Amino acid sequence: MAKEIERKFLVISDSFIKEAVSSREISQGYLCTNPDATVRVRISGPEAWLTVKSRNHGAARGEWEYHVPVDDARNMLAECCAGHSLEKTRYIVPAAEEGLKWEIDVFHGRHEGLVVAEIELLSEDTPFTRPPFIGEEVTGNPRYYNSVLIGE
């Protein structure tokens with residue numbers, strides 16, 4: 001089992017854009033939004049994935065990810081997630097600490113204006129520096145789970 005340890009924050013300025021080393025468009029929807037086991041389908045460029053995540057325990061949870069054909073993912077989004085999907089642009093910004101990076105999601109559509117940053121850590125107590133664009137921490141706040149946002 002893979003384990004994901006990440007902390008999530010609101011973003012208070014767009015200064016991260018000039019620091020970004022890449023960006024990509026993401027479309028995603030949920031086949032299951034049960035907090036004990038979410039199942040997500042995601043398309044980004046020429047790749048697609050199914051991802052299963054267990055319930056959060058603090059900043060940690062189980063995560064399993066599998067590549068799927070893009071056409072299959074498009075069909076799943078259309079047939080299984082109609083009206084319950086998200087569009088966002090993800091920016092990658094190197095963290096001050098070597099080996100860490102910030103993933104900043106700028107949401108589109110009905111969530112226009114929402115910008116959330118995540119940093120994936122090696123352990124829950126891994127130290128990291130908060131850049132100036134980082135605001136309030138929302139780790140563990142279900143309001144900011146993508147699986148909840150799709151229903152709003």
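Heads up: the structure comes first, above all this text.
Rules behind the numbers
- Residues numbered from 1 in each chain as written.
- Predicted model: local features only at pLDDT ≥ 70, side-chain atom pairs only at ≥ 80, totals over all residues.
- Heavy atoms only, no water.
- 1 Å grid on protein atoms, 1.4 Å probe; cavity = no way out; pocket = protein on both sides within 12 Å on 5 of 7 lines; lining within 4 Å.
- Points joined across faces, edges and corners; volume = space filled by probe spheres on them.
- Helix = DSSP H or I, 4+ residues; strand = E, 2+ residues; numbered from the N terminus.
- Nonpolar A, V, L, I, M, F, W, Y, C, P; charged D, E, K, R; others polar.
- Buried < 20%, exposed > 50% of the residue type's maximum accessible area, 1.4 Å probe, protein only.
- Arc of directions from axis to C-beta.
- Contact = heavy atoms within 4.5 Å.

1. Observations concerning the layout of surface pockets
Of the volumes computed, that of the largest pocket is approximately 700 Å³. Forming the boundary of the largest pocket are 33 residues, of which E4, E6, K53, R61 and E63 lie nearest the centre. For the lining of the largest pocket, the elements supplying multiple residues, two or more each, are β1 (2–11), β2 (22–34), β3 (37–44), β4 (47–54), β5 (60–67), β7 (101–107), β8 (115–120) and α2 (146–149). The element best represented in the lining of the largest pocket is β4, accounting for four residues. For the lining of the largest pocket, a count of residues per class yields nine nonpolar, eight polar and 16 charged.

2. Re helix α1 (residues 70–80)
If you check which residues of α1 are buried, you get V70, A73, M76 and L77. Take α1 and look down its axis: the buried residues cluster within an arc of 120°, on one side only. Residues D71, A78 and E79 are exposed on α1 and point more than 90 degrees away from its buried face. Lining the buried residues of α1 we find β2, β3, β4 and β6 (85–94).

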